[in-house]
Amino acid sequence: MAGWGVVALADEPGALVAAFVAHHLELGAGAVHVCLDRPNEEAQDLLAGVPGAHLHAAGADGWAFQDVGRRPRTHLGRQKYHASRMLAETGLDWLLHCDADEFLQPPGEGTIGALLDAAPEAANWLQVAVAERAWIGPGPGADIFAGVFRLPWDDFARQGRRVYDEAAMHLLHFGLCGHRMGKCFARAGRGLFIGVHQGLLSFSGETRDPAKAVLDGLRILHFDGLTELHYGLKMMRRALNEKPGRKSRHTEARQVQFLAMAEDAGQGAAMHALHVAAKTVTPAQAEWLAKAGHLRRWHPEIAARVARVLGQAPDLSPAAFDRALIAREAELIAHARAAYGFEPEALAAK
């Protein structure tokens, strides 16, 4: 059976990094490589001695892969660097590249290795479709992984008003807040490189390898904002990174999200209302979307998987996560406060 692993670039609280690693190990990954964009002692402590867990300090290799020689300036560049290097070095058959807020949803039957064994021999990489977490109602769940999952909706622009109001329509792209492209499961040993969402023919360019197949039976569960504060900080970072006159790499809907969040940053009620419009559905909306095939009520049981691998799951409550987030993102918060009047406590779970 095919051996497979996961690689991610991460700069998140240690509990999330540990959950990401443990979840995929429990699903059968032979190795999970997390390249830490900043030091993360909590993650190191939680995963110390766990077989298959590999935490790498970004740059510890001297940025020697493909003679890069220095830290790539952009987050996307560092993602490509680490994913492509791990693919070149892995002894496994396949390597999935995703983010630390993305978790594989296993097939209903069989194993991930068996699915990979059935992949067309001509395919160098497999595209795993995405499902994006949403909350039912305005409040968080018992842990940071609670919720339902919206699927990309091809005809959203024409049909979305059947279920969403105008505020939500401006915030969603194909029915989602984040990306709809899915992620890349790359076959090792074929000279492939890995971009953010696809297999690449060369490291220096962005030409997609056409030898692709779609992998049915798996989904990437995208927790685009583990908590309301996590989502808010994500939007603050994007707003701060936008440069006047430079073409944005984000969709129009994503730009509306982070520009509106920046505009409302000093008003807790307005930020909360934006989050409700973007990231939540009512019970009636969830029922409609499920019947139309645009929503799934999966229960990934991530906390239980983490507990089985680590012996005990770290505190995955929204309040604990937000406390760790405020401590870890002090610099980002200071920049967002200076630029927009952002106060994290307005969004933090209590």
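Residues numbered from 1 in each chain as written. Predicted model: local features only at pLDDT ≥ 70, side-chain atom pairs only at ≥ 80, totals over all residues. Heavy atoms only, no water.

1. So, the packing of helix α7 (residues 228–241) against helix α12 (residues 318–328)
So, step 1. It is the contact of α7 with α12, at a shortest axis distance of 9 Å, that shows an interaxial angle of 30°. When the axes of α7 and α12 are compared, the pair comes out roughly parallel. For the pair formed by α7 and α12, the contact residues are Leu-229, His-230 and Leu-233 on the first element and Phe-321, Asp-322, Leu-325 and Ile-326 on the second. (Axes fitted to C-alpha atoms, helices over the stretch in contact; angles between N-to-C directions. Helix = DSSP H or I, 4+ residues; strand = E, 2+ residues; numbered from the N terminus. Parallel < 35°, antiparallel > 145°, perpendicular 65-115°, else oblique. Contact = heavy atoms within 4.5 Å.)

2. Examining the sheet that holds strand β4 (residues 94–97)
So, step 1. One open sheet holds the seven strands; their spatial order is β3-β2-β1-β4-β9-β6-β12, and the pairing between them is mixed. The sheet is open, and its two edges are formed by β3 (53–57) and β12 (212–214), each paired on a single side. Across the sheet, the mean angle separating the axes of adjacent strands is 25° when strand polarity is ignored.
So, step 2. In terms of strand pairing, strand β1 (residues 4–10) meets β4 through four bridges, oriented parallel. From the neighbouring strand, Trp-4 faces β4, where its bridge partner is Trp-94.
So, step 3. Sitting on the sheet, helix α3 (residues 75–89) touches β1, β2 (31–36), β3, β4 and β9 (183–187), and the angle it makes with β1 is about 155°. (Pairing = 2+ DSSP bridges.)

3. Structural notes on the nonpolar core
The nonpolar side chains of soluble globular proteins are, as a tendency, buried together.
So, step 1. By size, the foremost hydrophobic cluster in this structure holds 90 residues, and its most contacted members are Trp-4, Phe-20, Leu-104, Phe-145, Tyr-164 and Phe-185.
So, step 2. The element best represented in this core is helix α1 (residues 14–26), accounting for nine residues.
So, step 3. Leave out the neighbours within four places in its chain, and Leu-104 touches Trp-4, His-23, His-24, Leu-27, Leu-96, Ile-112, Val-128, Phe-185, Leu-218, Arg-219 and Ile-220.
So, step 4. Counting residues in each nonpolar core, the second largest holds 13 residues, with Cys-35, Met-86, Leu-87 and Ala-188 among its members. (Core = buried A, V, L, I, M, F, W, Y, C linked by side-chain atoms within 4.5 Å. Buried < 20%, exposed > 50% of the residue type's maximum accessible area, 1.4 Å probe, protein only.)

4. Some details on unusual backbone geometry
So, step 1. You will see that Gln-66, though not glycine, has its phi angle at about 55°, which is positive.
So, step 2. Along the chain, the position of Gln-66 falls in the loop between β3 and α3.
So, step 3. Residue Gln-66 is classed as partly exposed on the basis of its relative accessible area of 42%.
So, step 4. Although it is not a glycine, Asp-67 sits at a positive phi angle of roughly 55°.
So, step 5. By the secondary structure assignment, Asp-67 is in the loop between β3 and α3.

5. Quick look at the packing of α7 against helix α8 (residues 252–263)
So, step 1. At a closest axis distance of 8 Å, the pairing of α7 and α8 adopts a crossing angle of 100°. Relative to α8, the element α7 is oriented roughly perpendicular. Mapping the contact onto sequence places Tyr-231, Gly-232, Lys-234, Met-235, Met-236, Arg-238 and Ala-239 in α7 and Arg-254, Gln-257, Phe-258, Met-261 and Ala-262 in α8.

6. Remarks on the pairing of β4
So, step 1. Burial along β4 is two-sided: the residues Trp-94 and Leu-96 and Leu-95 and His-97 are all buried.
So, step 2. Where β4 meets β9, four bridges bridge the pair, whose relative direction is antiparallel. Residue His-97 lies in a different strand from β9, and its bridge partner there is Cys-184.

7. Some details on the pattern of salt bridges
So, step 1. Within the structure shown, the criterion is met by 22 salt bridges.
So, step 2. Here Glu-102 and Lys-183 are joined by a salt bridge, their closest N and O atoms 2.5 Å apart. Taken as a pair, Glu-102 in strand β5 (residues 102–105) and Lys-183 in strand β9 lie far apart in primary sequence, 81 residues in all.
So, step 3. Judged by its relative accessible area of 0%, Glu-102 falls in the buried class.
So, step 4. Accessibility expressed as a relative area gives 0% for Lys-183, which makes it buried.
So, step 5. Residue Asp-224 pairs with Lys-234 through a salt bridge whose shortest N-O separation is 2.6 Å. Taken together, the residues span a long stretch of sequence, with Asp-224 in the loop between β13 (219–222) and α7 and Lys-234 in helix α7 at a distance of 10 residues.
So, step 6. Here Lys-234 falls in the buried class, since its relative accessible area comes to 12%.
So, step 7. Here the residues in one salt-bridge network are Asp-101, Glu-132, Asp-224, Lys-234, Arg-254 and Lys-279, joined through shared partners. (Salt bridge = Lys/Arg side-chain N within 4 Å of Asp/Glu carboxyl O.)

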